[in-house]
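Below are the chains, spelled out letter by letter.
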Amino acid sequence: MDLQTDELRAAGCVKVFTEQVCGAVDRRPELDRALEQLRAGDTLVVWRLDRLGRSLRHLIDTVTGLDAQQVGFRSLRESIDTTTSGGRLVFHLFGALAQFEREVIRDRTVAGLASARARGRVGGRPPKLTADQMRTARRLYEERALTVAEIGRVLGVSRTSIYRALHRDLAGVAGGGGGERRRRTAAPAAPAVAAPMPVGAGS
């Protein structure tokens, strides 16, 4: 953590946000605070790319949102800086790769479901998700490569059906009890703000 903080300050960050998080956690209160303080002309600085995004798609969405607010982005370890033409090109390539990843996952899932139907495991369009579809929906949701609406289109059901099924699945897991709690490894994360406000994150 000290190494990351030192490098962020050396990069010109005057305000540094740090937090201890694990890979499975969605909520990042300190990162949210840093993002809320950004203004047009600022730059968000992270120690490494994985300190900002939980997945490639989430990273692309976040940086795209920053660009819409006229906020720059730098990653120290990967030497990416979207305030330069080269850095913007890199993120355009990342965006194309993220789209390609979503399409590959969607095509692979559709092919798998078609194969299951051909073997007689699925007959027609059921009124609710089958066990196979439930497992597929859960996997796609955890991978975060597709939105809930996209998962619904792949499985041929509405977004509401996906949410309802996932809610039942989570309720079933919670109600089971007695299961072994997964051990999670904590990893620190830090964002920061400097003038013209770079905001940096490291963990």
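Residues numbered from 1 in each chain as written. Predicted model: local features only at pLDDT ≥ 70, side-chain atom pairs only at ≥ 80, totals over all residues. Heavy atoms only, no water.

A. Just unusual backbone geometry, in detail. At Q70, a position not held by glycine, the phi torsion is positive, near 60 degrees. With respect to the secondary-structure elements, Q70 resides in the loop between α3 (56-68) and β4 (72-75). Of note, S79 is a non-glycine position whose phi angle comes to about 55 degrees, a positive value. Within the secondary structure layout, S79 lies in the loop between β4 and β5 (80-81). Accessibility expressed as a relative area gives 66% for S79, which makes it exposed. (Helix = DSSP H or I, 4+ residues; strand = E, 2+ residues; numbered from the N terminus. Buried < 20%, exposed > 50% of the residue type's maximum accessible area, 1.4 Å probe, protein only.)

B. Fine view of the pairing of strand β3 (residues 43-46). Where burial is concerned, the two faces of β3 agree: the one with T43 and V45 and the one with L44 and V46 are both buried. By the bridge criterion, four bridges tie β3 to β4 in an arrangement that is parallel. Following the sheet pairing, T43 is matched in β4 by G72. With respect to chirality, the unit in which β3 leads through α3 into the neighbouring parallel β4 is right-handed. (Pairing = 2+ DSSP bridges. Right-handed = clockwise from strand over helix to strand, strands pointing away.)

C. Inspection of the nonpolar core at higher detail. In this structure, L129, M134, A137, L146, I151, L155 and I162 are the most contacted members of the largest nonpolar core, which totals 16 residues. Looking at this core, the elements that each hand over two or more residues are α4 (85-118), α5 (131-143), α6 (148-155) and α7 (159-176). Looking at which element gives the most residues to this core, the answer is α6, with four residues. (Core = buried A, V, L, I, M, F, W, Y, C linked by side-chain atoms within 4.5 Å.)

D. Inspection of the pattern of salt bridges at higher detail. Under the criterion given, the structure shown has eight salt bridges. Of the charged contacts in the structure, one is a salt bridge between E150 and R106, with a shortest N-O distance of 3.4 Å. Of this pair, E150 sits in helix α6 while R106 sits in helix α4; the two residues are 44 residues apart in sequence, bridging distant segments of the chain. Classification of R106 as partly exposed rests on a relative accessible area of 24%. Across the pair E143 and R139 runs a salt bridge, and its minimum N-O distance is 3.5 Å. Placement of the pair is E143 and R139 together in helix α5, with a separation of four residues, close to one helical turn. For R139, a relative accessible area of 35% gives the class partly exposed. Salt bridges linked by common partners bring R48, D50 and R51 together as one network. (Salt bridge = Lys/Arg side-chain N within 4 Å of Asp/Glu carboxyl O.)

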